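So the chains spell out like this:
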Amino acid sequence: TMAYAIPNGAKYAAPHRVLTGGSWVVPAIDFAKYLEENFVLDDFVVVKMDIEGAEFRVIPHLIQTKSTDLIDELFIECHYLGGGMVFSTNTKWEDCFRLFTSLRDNGCYSHEWF
């Protein structure tokens, strides 16, 4: 599971009718394990990732487990606090840039998705 907290006054909350100041625990899977159990290197795998700030936990795990080797292209909507879109991290655009750089440095062709 993963926990999300929406800060009071978050710009993202109002247009989506989400209450601020609360927190939720949501079910989650080990995406690295899912990739390893369902794909082989010969498969062509494209991933579109929009996981509301959890990318800062998931991407390092994918790199550490070398599961990124199974992904041919990765499109990520990177959430950072400066953009008013993130629930659970105190990140900046520079952190997104580092995330993309680490993916590319590890051979994973990645793109930002808006």
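Residues numbered from 1 in each chain as written. Predicted model: local features only at pLDDT ≥ 70, side-chain atom pairs only at ≥ 80, totals over all residues. Heavy atoms only, no water.

Colleague: What should I look at first to understand the overall build of the chain in this one?
Modeller: Looking only at helices and strands, one finds three helices and five strands in the chain. In sequence order, the chain lays out its α and β elements as β-β-α-β-α-β-α-β. Split into buried and exposed, the 114 residues of the chain put 36% on the buried side. As presented, the chain carries roughly 7200 Å² of accessible surface, and 56% of it is formed by carbon and sulfur atoms. (Helix = DSSP H or I, 4+ residues; strand = E, 2+ residues; numbered from the N terminus. Buried < 20%, exposed > 50% of the residue type's maximum accessible area, 1.4 Å probe, protein only. Areas by Shrake-Rupley, 256 points an atom, 1.4 Å probe, with all protein chains shown as cover.)

Colleague: Hey, could you run me through the sheet that holds strand E5 (residues 110–112) in this one?
Modeller: Paired through backbone hydrogen bonds, the strands of a sheet run either parallel or antiparallel to each other. Taken in spatial order, the three strands make up an open sheet running E3-E4-E5, and their pairing is parallel. Unpaired on one side and paired on the other, strand E3 (46–49) and E5 mark the two borders of the sheet. Within this sheet the neighbouring strands show an average axis-to-axis angle of 15°, counted without direction. Looking at chain direction, strand E4 (residues 73–76) and E5 are connected through three bridges and run parallel. The residue bridging Ile 76 from the neighbouring strand is Glu 112, located in E5. Across the sheet, helix H2 (residues 55–64) touches E3 and E4, and the angle it forms with E3 is around 155°. (Pairing = 2+ DSSP bridges. Axes fitted to C-alpha atoms, helices over the stretch in contact; angles between N-to-C directions. Contact = heavy atoms within 4.5 Å.)

Colleague: Can you walk me through the packing of aromatic side chains in this structure?
Modeller: To describe a pair of aromatic rings, you give the distance between the ring centres and the angle between the ring planes. Evaluation of the coordinates by the stated rule reveals three aromatic pairs. When the ring of Tyr 34 is compared with that of Phe 39, the centres are 6.2 Å apart and the planes differ by 70°; the resulting orientation is edge-to-face. Ring geometry for Phe 75 and Trp 113: centres 5.7 Å apart, planes at 85°, overall edge-to-face. Note that Phe 75 is positioned in strand E4 and Trp 113 in the segment after E5, a separation of 38 residues in sequence. What links up through ring pairs into an aromatic cluster is the set Phe 31, Tyr 34 and Phe 39. (Phe/Tyr/Trp six-rings, centres within 6.5 Å; stacked < 30°, edge-to-face > 60°.)

Read these as geometric descriptors, not functional statements.
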